[in-house]
Amino acid sequence: MRYTIVLLLAFSIHLVAAADAAAQWEQAESRARELCAKMTLEEKAGELMVYDYRCLGDDSWGTYTNLVNRGEIGAMMRVLSASETRKLQEYKLAHSRLRVPIIIHEDITHGWVTTLPLQLAMACSWDDSAVAKAESVAAREAAALGINLTYSPQVEISNDPRWGRIGATLGEDPYLSGRMAAARVRGDQGFTDEALTDGEHVIACVKHFIGYSSLQGGKDYRHQDFSRRELFETHLPPHKAAIDAGAFAVMSAYTAFDGVPCNFSRYLLTDILRNQLGFRGQLITDWTTLQFSVDEGAAADLEDAAKRGLEAGVDMDMISRAFLLLPKLVREGKVDEKALDEAVVRSLAMKFRMGLFDDPFRYCDVAREKRELFSERNKKDVLELTRESIVLLKNDGGLLPLSTNRVVGLTGTWADDEDVMRGGMGKDLFNGNDDAALGADYSVDTLKTAMSRRWGDRLDARPIDMRLVARGEATLPGNDIVVLALGEPVSYTGERRGRARITLPEQELENLRILKRGGKKIVSVVFAGRPVIMDEIVWLSDAVIMAWYPGAMGGEALAEILSGEVNPSGKLAQSIPLDVGQIPLTYREKRTFIECSYADIPSKPLFPFGFGMSYTTFAYGKPVAKEEKNGIWRVSVKVTNTGKFAGREIVQLYLRDEVASVLPRERELKEFASVFLSPGETKTVEFTLGGDAFALYNADLERVIEPGDFTIFVGGDSTTMNSVRVCGCWRH
């Protein structure tokens, strides 16, 4: 049986869909231009403002109505119910001269109530379909509340786990991140052009454009310059993938490129984003970014920031109110009204495209809100992704899975904690848990709850009191096997939460040590919002599961894996360092003339990119590569399940350019595919590599294919040496 990735057919379908989307957008733009021509300068400027409803002061409703009455608002975020959305929309339409509806934004980074796994965990599934399906849950629940646009996906590439927002990314690899980002865009906006207006989808706003993750020491906002080559090779690909998938909005970054704040860089926002990537949608600043440019000395004042931001390509100003100064600047001749009109047209076109002018109350259905949030359908769809996002890192002696017919201990800080399942939030790492604001109880299963359903009274779940154990007045949980739930507190993860040390708190490790001294076989389940230093955990544990912050269905998925109902299949989307001294860390290093090493620690990570174990084992045959016409290569490999369990294997294909006109990388991920095998079964997995897979940016940053040899690696992680060498005799 053959599993083939048919890229050419997918590309043809993409072209047809793109043509339909372009036609729809042009129609929306046409209607928007007609409306824009009727607007005053003040109405135009107001259309480009978005505010946070929860930050409007004690009388948020009064402040909102004043903004509407003065024509100073086009969008709002933090509106948390369908009834509240209707209230705001009704007032806006009744007090807008041209009856321009408001559009509701929100930060929905990994789900709303039926929370998805942490974004980095999503990428560990290496499953486009499961990611898109789960993201559709986030869209349905958001749309049910009246939300129209989500600030998601976040597609930065980072090699520094100290950064507090690395868990909000989709991994260290541009190709994998791009695949996952595109899947999330399709989940948010739908797979057809008509889906965006069906009441179950939202606009995806890709963030942050661009290079936000290039930071000194993992500290937020402490930007670090990077080259144009790094821009093209590392940072742009996932943004391009998301835009190619149809994302209608983009958020600019706080940081700078080549010394210029991203919000002021016409090179980035117009030359690259619009002209090169073909982005036609709305570009939104991040929180108060224009004001921050003044605070950091990159702009003289808000007028200067407003002028430079608009002329660079910014369409919407979040919070800072800088764009409210544009009418004055136009009248003074400092800003061309045509530039203002272009931004307004894109903002209005978004609302036309979303269907808000045709049916402004489509997303204000209180009954649907109650029916949709935390529904059984949503939990089922999220559970599918959660199972695949969990990564098995160690399983000595085949300790896992655990029989439900024997006594198993359960202990640890996070054994019975809902917050760590959700990642500390109902929606967003930075803003905390807003479940209470939703006015309902959406409790999720903890690890203890889900295990109790399977082990019943054979689950010995209790905390460890070290003093009592030391005095012989208490025993350790379990007979011989204990599941230890340990990890990183959720308060350690998120914006402005970089860490100099990414070890777990000492208390977490003490629980592990006392269990080891007690002679227990230990299954460590690690909860975290980033890769953490876990060498001691791995050394002292018999089995290790990386759970990340697994979301609303995390307890159920973990219990399924522990009991053997589900065979784990996740693979790391981010390398896990052995020591913080290895940071920055990536498998995509540039080639060197001699192996680089440390004098005091190994150079290799504790676990490499792409690594992940299964309860079964897989054997690979040698890959076979066959050149076809027009530079297309077919690469096939036989994969056999050599173990006792049925399981999914993620087959990864990496490419190494042996000689190039610029310094090449050691290897880069170019394709991957999932294959499900029963014990003893063999299947052939086939990949199709087009010319671009072999292309590089030359010295002039032109994308070219150079003649020469390439090594194609196919295996289970980024360290595989299973390879075939091919000679590509392409012309420039």
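Okay, so let's go over this structure. (Residues numbered from 1 in each chain as written. Predicted model: local features only at pLDDT ≥ 70, side-chain atom pairs only at ≥ 80, totals over all residues. Heavy atoms only, no water.)

Observations regarding the overall build of the protein chain
Within the protein chain, the secondary structure is distributed over 21 helices and 27 strands. A compact globule built from 732 residues would reach a C-alpha radius of gyration of about 27 Å, and the protein chain, at 26 Å, matches this within 12%. Considering only C-alpha atoms, the protein chain reaches an extent of 80 × 70 × 50 Å along its principal axes. A total of about 27,000 Å² of accessible surface is found on the protein chain, and carbon and sulfur atoms cover 51% of it. (Helix = DSSP H or I, 4+ residues; strand = E, 2+ residues; numbered from the N terminus. Rg over C-alpha atoms; globule rule 2.2 N^0.38 Å. Areas by Shrake-Rupley, 256 points an atom, 1.4 Å probe, with all protein chains shown as cover.)

With respect to the packing of aromatic side chains
Taken as a whole and assessed by the stated rule, the structure comprises 22 aromatic pairs. Look at Y221 and Y254: their rings are 5.2 Å apart centre to centre, the planes differ by 70°, and that puts the pair in the edge-to-face class. One end of the pair, Y221, is in the loop between strand 6 (203-209) and helix 8 (228-244); the other, Y254, is in the loop between strand 7 (249-252) and strand 8 (256-257), and 33 residues separate them in sequence. Chaining the aromatic ring pairs together yields one cluster made of W126, Y175, Y587, F609, Y654 and F672. (Phe/Tyr/Trp six-rings, centres within 6.5 Å; stacked < 30°, edge-to-face > 60°.)

Observations regarding the environment of A573
Inspection of the secondary structure assignment puts A573 in the loop between helix 21 (554-563) and strand 18 (618-620). Apart from the residues within four sequence positions on either side, A573 is in contact with L120, A123, C124, W126, L170, G171, E172, L176 and F609. (Contact = heavy atoms within 4.5 Å.)

Points about the sheet that holds strand 12 (residues 391-395)
Taken together, 6 strands build an open sheet; the order of strands is 12-17-16-15-13-14 and the sheet is mixed. Taken across any chain shown, the strands that pair with only one partner, and hence form the sheet edges, are strand 12 and strand 14 (459-461). Taken over all neighbouring pairs, the strand axes of this sheet differ in orientation by 20° on average, direction set aside. (Pairing = 2+ DSSP bridges. Axes fitted to C-alpha atoms, helices over the stretch in contact; angles between N-to-C directions.)

Description of the side chain of R162
Here R162 lies in the loop between strand 5 (149-150) and helix 7 (174-189). A distance of 2.8 Å separates polar atoms of two side chains, one belonging to R162 and the other to D160. What R162 contacts, discounting residues up to four positions off in sequence, is G217, G218, R497, G498, R499, A500, I502, R530, V580 and I583. (Polar contact = N/O pair within 3.5 Å; in protein donor to acceptor, adjacent residues only side chain to side chain.)

Observations regarding the side chain of Q574
One can find Q574 in the loop between helix 21 and strand 18. With a relative accessible area of 1%, Q574 lands in the buried category. At 2.7 Å, the side chain of Q574 and the backbone oxygen of S158 are in polar contact. When sequence neighbours within four positions are dropped, the list of residues in contact with Q574 reads L120, S158, N159, I166, T169, G171, E172, P531 and F609. (Buried < 20%, exposed > 50% of the residue type's maximum accessible area, 1.4 Å probe, protein only.)

A few points about the pairing of strand 17 (residues 543-546)
Alternating residues of strand 17 divide into A543 and I545 and V544 and M546, and every residue in both groups is buried. Sheet topology places strand 16 (residues 521-527) next to strand 17; 4 bridges connect them, and they run parallel. Bridged to V523 within strand 17 is A543. One crossover worth recording links strand 16 to the parallel strand 17 by way of helix 20 (residues 535-540), and it is right-handed. (Right-handed = clockwise from strand over helix to strand, strands pointing away.)

Quick word on the sheet that holds strand 11 (residues 317-318)
Spatially, 8 strands are ordered 10-7-6-5-4-3-2-11 in an open sheet, and the strand pairing comes out parallel. Both outer strands of the open sheet, strand 10 (282-284) and strand 11, are each paired with one neighbouring strand and no more. The pairing of strand 4 (residues 103-106) with strand 5 spans 2 bridges and is classified as parallel. Paired with E106 across the bridge in strand 5 is T150.

Thoughts on unusual backbone geometry
Residue P401 is reached from L400 by a cis peptide bond, and omega for that bond is 5°. Relative to the helices and strands, P401 is located in the loop between strand 12 and strand 13 (408-411). Cis geometry marks the peptide bond from I583 to P584, where omega comes out at 5°. The residue P584 is located in the loop between helix 21 and strand 18 in this model.

Some words on the nonpolar core
By size, the foremost hydrophobic cluster in this structure holds 204 residues, and its most contacted members are M76 and M534. With residues near it in sequence (within four places) discarded, M534 still touches L393, V526, V544, M546, I576 and L606. By size, the runner-up hydrophobic cluster in this structure holds 21 residues, among which are V637, V675, I712 and V724. (Core = buried A, V, L, I, M, F, W, Y, C linked by side-chain atoms within 4.5 Å.)

Considerations on the packing of helix 6 (residues 128-144) against helix 7
One way to put it is that helix 6 packs onto helix 7 with a least axis distance of 7 Å and a crossing angle of 40°. In terms of axis orientation, helix 6 runs oblique to helix 7. In terms of crossing hand, the pair formed by helix 6 and helix 7 is right-handed. In this structure, helix 6 uses D128, V131, A132, E135, S136 and A139 to contact helix 7, whose residues at the interface are R179, M180, A183, R184, G187 and D188. Tallied by class, residues from the contact of helix 6 with helix 7 come to 5 nonpolar, 2 polar and 5 charged. (Parallel < 35°, antiparallel > 145°, perpendicular 65-115°, else oblique. Left-handed = near helix turned anticlockwise from the far one by under 90°. Nonpolar A, V, L, I, M, F, W, Y, C, P; charged D, E, K, R; others polar.)

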